[in-house]
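The chain contents come next:
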Amino acid sequence: MSDTQTRDFIRQIIHDDLESGKHSEIVTRFPPEPNGYLHIGHVMSICLNFGVAAETGGRTFLRLDDTNPGRESEEYVDAIKRDVHWLGFDWEDRLTHASDYFEQLYDSACRLIEMGHAYVDSLSADQIREYRGTLTESGRNSPYRDRGVAENLDLFKRMRAGEFADGEHVLRAKIDMASPNMNLRDPALYRIRHIPHQNAGDEWCIYPMYDFAHGLSDAYEHITHSLCTLEFEDHRPLYDWFLDQLEPAHRPRQIEFSRLNLAYAVTSKRKLNALVEEGIVSGWDDPRMPTIAGMRRRGYPVAALREFVTRAGVTKKDKLIEMGVMENCVRETLGDEAERRMAVLKPLKVVLTNYPENKVEMVEAMNHPARPELGTRDMPFSRQLWIEQDDFMEDAPRKFFRLKPGGEVRLRFGYIIRCDEVIKNAAGDVVELRCSYDPDTRSGTGSSDRKVKGTIHWVSCEHAIDASVRLYDRLFTEANPNSVSDIHGVLYPQSLETVNAKLEPALQQLAAGQAVQFERLGYFCPDEKDDSVDARVINRIVTLRDSWAKLEKQAMQQQV
RNA sequence: UGGGGCGUAGCCAAGUGGUAAGGCAUCGGGUUUUGAUCCCGUGUAUCGCAGGUUCGAAUCCUGCCGCCCCAGCCA
């Protein structure tokens, strides 16, 4: 990053620390708890932590913050590693766990006891809550607060040895029960949990709390800048308190930034988990989920995600970013990269009455209008074609320049056709169009320059491939579902629509994870789990921008 | 009614005492065999409000208002 560019406030601090010589190398860490899948909010943190280190030639640790074995699991550890890698970041040999430091943490706790800064409390959880006071009233000292050093040390050792049941005792820091900052009212340091740990096995039955473990882990790893979200801001005095008391060789600095919230998406782990548990979505990687796994399966490119968090910025202001920003990032990267193909999502049959019965000709179609080097492909053209239902309207408004009775339209890369007859079923639905084509208008030939207002996409019936296409939309009707206590009331029932689509033959070769643009519709890619050569299952990543749909919507609103 | 943080256009966001960048959205227009892309143009922002300091304030001071976070043996 050049000096003339503006830096966010964290990069500014880091820049200053390098310039002043406070640090010669920047070391950061991304510290997820393995109790759920990573989501869009984590993308921000990952890009920030790995980004600032990479930009300054520093290093970043991927540290699994696994201090609460009751809700952590191997599955989440694996998913986290996969997701960070997929985003393009490499921790090399710096994959660590808070649990790697349990022994050192235990020693530090003993030292705190020896210094008279920690004690074993034997109050119950409920009693501790009572003694803590409220936001406006100070707390009271526990009757066990003045136990002697020897007794505390003995009890703590016996806690570790497994002599007590869960909840019988807890190790607490001795700070200030009258502090206006609740975090300083003798916070818990260790609790007893007789359950095995995903990484440490059953070596321990006492586990450190986040506040105690986090800052010290940062110190052990020589982290220079410990970046976290705003809700930890009033933990910083506690973070610093541990460093002040224990004086580790390296002193990290905690800096807080605001979380990134995406409109119409939840990032609360509890709510994400509920969506999965209750079967509202198919899993953590459901393409509608704002999880990294979900977005990957949906087909969002890494470059788009990284661009998105860059556009969101790093500040301390609460933010709720419009879905359109994300969609645009996806469109921009895919617009450049994705080859074009044709597919019909909601088919309507067109018969070209003046086209020979058994004739098939190949028309040449460009793979990318702005990148001729990507070449062309041949598409079969024949008497019976599928077109999009939305591309025909019986009583069309003046500005509708697609097919209408008596009207003309160009078939992309093919001929101009005219709609002569509309066939309906008994219910009055349009089931087929009889059209005639103009043989002089074949695309690319000398006489093909006759102009018509509209161009529509099509697929030859005889050659079409059937596919199940999943059309995704937002999961919620509420812009900020994070703020809603019961998400069930704000679920969007149409978040998934599956259609039986018709694909052009070249799509047979579409590989897993390969995104293409279906012309005039949007960007699509095969589903990484459900797609197969025999039964294609394709996800819609995002629609194309659609100014016609916008006009229609405005017209509707004006009528109301 | 304790403590901490934040308030610049619809959504993000620069700006750090010298007269409000940029992006996305919006709205016009042009090009176009994707109503896409691309290209042009488009914003009376009382810089949360009110006072004060100053030749000069989004930037400094005071008071107020609004929003977010904290009373887990969660992170």
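Treat the numbers as computed from the prediction; the structure is a model and nothing was measured. (Residues numbered from 1 in each chain as written. Chains lettered and ligands numbered in written order. Predicted model: local features only at pLDDT ≥ 70, side-chain atom pairs only at ≥ 80, totals over all residues. Heavy atoms only, no water.)

What follows is about the side chain of aspartate 527. Note that aspartate 527 resides in the loop between β26 (522-526) and β27 (536-543). A distance of 2.9 Å separates polar atoms of two side chains, one belonging to aspartate 527 and the other to asparagine 539. For aspartate 527, the contacting residues outside a window of four places in its chain are Pro287, Arg297, Arg470, Val537, Ile538 and Asn539. (Helix = DSSP H or I, 4+ residues; strand = E, 2+ residues; numbered from the N terminus. Polar contact = N/O pair within 3.5 Å; in protein donor to acceptor, adjacent residues only side chain to side chain. Contact = heavy atoms within 4.5 Å.)

Around RNA strand B, 65 residues are found, and the nearest of them are Lys317, Phe401, Arg402, Arg545 and Ser547. Here the atoms of RNA strand B within 4 Å of the protein split so that 67% fall in sugar or phosphate, with bases taking the remainder. Within the backbone of arginine 311, one N or O atom sits 3.2 Å away from a sugar or linking oxygen of RNA strand B. Residue phenylalanine 401 places a main-chain N or O atom 3.2 Å away from a base oxygen belonging to RNA strand B. Elements with a contribution of two residues or more to the surface near RNA strand B: α5 (125-131), β6 (188-192), α11 (302-312), β11 (319-321), α12 (323-337) and α13 (547-559). Top contributing element to the surface near RNA strand B by residue count: α13, with four residues. In terms of residue class, the surface near RNA strand B is made up of 21 nonpolar, 18 polar and 26 charged. (Near = heavy atom within 4 Å. Nonpolar A, V, L, I, M, F, W, Y, C, P; charged D, E, K, R; others polar.)

In a beta sheet, neighbouring strands are held together by backbone hydrogen bonds and run either parallel or antiparallel to one another. The strand order across the open sheet built from seven strands is β21-β18-β19-β20-β14-β17-β22, with neighbouring strands paired in mixed fashion. Where the open sheet ends on each side, the last strands, each with one partner, are β21 (455-456) and β22 (458-460). Two elements, strand β18 (residues 408-411) and β21, share two bridges in a ladder whose sense is parallel. Residue pairing in the sheet places leucine 411 in a bridge with isoleucine 456 of β21. (Pairing = 2+ DSSP bridges.)

Domain parsing of chain A yields domain 1 (9-257), domain 2 (269-339 + 467-559) and domain 3 (343-457). Centre-to-centre, using C-alpha coordinates, domain 2 lies 29 Å away from domain 3. Between domain 2 and domain 3, the contact holds 23 residues from the first and 26 residues from the second. Across the domain 2 to domain 3 interface the summed buried area is about 1900 Å²; carbon plus sulfur atoms make up 56%. Seen at the junction of domain 2 and domain 3, the total is four salt bridges. Salt-bridge contacts for glutamate 497 lead to lysine 346; the nearest nitrogen and oxygen are separated by 3.4 Å. (Domains from an automatic or database assignment. Buried area = accessible area lost by both parts, 1.4 Å probe. Salt bridge = Lys/Arg side-chain N within 4 Å of Asp/Glu carboxyl O.)

This brings us to helix α9 (residues 269-277). All of the buried residues in α9 are Lys271, Leu272, Ala274, Leu275 and Val276. Positive backbone phi, at 70 degrees, marks glycine 279, one or two positions downstream of α9. (Buried < 20%, exposed > 50% of the residue type's maximum accessible area, 1.4 Å probe, protein only.)

In this structure, the largest pocket occupies an estimated 1800 Å³ of space. Lining the largest pocket are 49 residues, with Arg540, Thr543, Leu544, Asp546 and Ala549 positioned closest to its centre. Counting residues per element, the ones that place at least two in the lining of the largest pocket are α10 (292-298), α12, β23 (465-472), β27 and α13. Broken down by element, the residue count for the lining of the largest pocket peaks at six residues, all from α13. Per-class residue counts for the lining of the largest pocket are 26 nonpolar, four polar and 19 charged. Here the lining of the largest pocket spans two domains, since at least three of its residues come from each of domain 2 (269-339 + 467-559) and domain 3 (343-457). Roughly 920 Å³ of internal volume is contained in the second largest pocket. When contributions to the lining of the second largest pocket are tallied by element, the ones reaching two or more residues are β1 (27-30), α2 (40-55), α7 (210-220), β8 (225-229) and β10 (260-262). The element that contributes the greatest number of residues to the lining of the second largest pocket is α2, accounting for four residues. Split into classes, the residues belonging to the lining of the second largest pocket amount to eleven nonpolar, 14 polar and eight charged. (1 Å grid on protein atoms, 1.4 Å probe; cavity = no way out; pocket = protein on both sides within 12 Å on 5 of 7 lines; lining within 4 Å. Points joined across faces, edges and corners; volume = space filled by probe spheres on them.)

So, about the side chain of arginine 147. Tracing the chain through its elements places arginine 147 in the loop between α5 and α6 (149-161). You can call arginine 147 buried: its relative accessible area is 16%. Of the polar contacts made by the side chain of arginine 147, one reaches the side chain of serine 122; its length is 2.4 Å. Every residue in contact with arginine 147, bar those within four places of it in the chain, is listed here: Val120, Asp121, Ser122, Asn152, Leu155 and His169.

This next bit is on empty space enclosed by the protein. Counting across every chain of the model gives one cavity of 30 Å³ or more. Volume-wise, the largest cavity comes out at about 40 Å³. A per-element tally of the lining of the largest cavity places α7 first, with three residues. Tallied by class, the residues present in the lining of the largest cavity amount to three nonpolar, three polar and one charged.

This part covers the packing of helix α4 (residues 102-114) against α7. α7 packs onto α4 with a crossing angle of 115 degrees between their chain directions and a minimal axis gap of 11 Å. Judged by the inter-axis angle, α4 sits roughly perpendicular to α7. Our pair here, α4 against α7, has a crossing hand that is right-handed. Contacts from Gln104, Leu105, Ser108, Ala109 and Leu112 of α4 reach α7 at Phe212, Ala213, Leu216 and Tyr220. Across the contact of α4 with α7, the residue classes break down as seven nonpolar, two polar and no charged. (Axes fitted to C-alpha atoms, helices over the stretch in contact; angles between N-to-C directions. Parallel < 35°, antiparallel > 145°, perpendicular 65-115°, else oblique. Left-handed = near helix turned anticlockwise from the far one by under 90°.)

What the four strands build is an open sheet, ordered β4-β5-β6-β7; its pairing is antiparallel. One side of each edge strand has no neighbouring strand; the edge strands of this open sheet are β4 (118-121) and β7 (206-208). Direction aside, neighbouring strands of the sheet carry axes that sit 20 degrees apart on average. One ladder, built from three bridges, connects strand β5 (residues 170-173) with β6; its direction is antiparallel. For arginine 172, the partnering residue across the bridge sits in β6 and is alanine 188. Sheet strands in contact with α4 are β4, β5, β6 and β7, and its direction is about 120 degrees off that of β6.

Inspection of the entire model under this criterion finds 21 aromatic pairs. For the pair tyrosine 37 and tyrosine 76, a centre-to-centre distance of 5.9 Å together with 90 degrees between the ring planes defines the contact as edge-to-face. In this pair, tyrosine 37 sits in the loop between β1 and α2 while tyrosine 76 sits in helix α3 (residues 74-86), placing the two residues 39 residues apart along the sequence. There is no split in this pair, since tyrosine 37 and tyrosine 76 are both buried. Aromatic pair phenylalanine 381 and tryptophan 458: ring centres 5.2 Å apart, planes at 80 degrees, arrangement edge-to-face. Linking phenylalanine 381 in strand β16 (residues 376-381) with tryptophan 458 in strand β22, this pair joins segments that are 77 residues apart in sequence. We note that phenylalanine 381, like tryptophan 458, is buried. Here the aromatic residues Phe102, Tyr106, Phe156, Tyr190, Trp204, Tyr207, Phe212, Trp241 and Phe242 are joined through ring pairs into a cluster of three or more. Positioned above the aromatic ring of tryptophan 86 is the side chain of arginine 296, whose terminal nitrogen or guanidinium carbon lies 5.3 Å from the ring centre. The ring of phenylalanine 401 has lysine 453 lying over it, and the distance from NZ or CZ to the ring centre is 5.1 Å. (Phe/Tyr/Trp six-rings, centres within 6.5 Å; stacked < 30°, edge-to-face > 60°. Lys NZ or Arg CZ within 6 Å of the ring centre and 35° of its normal.)

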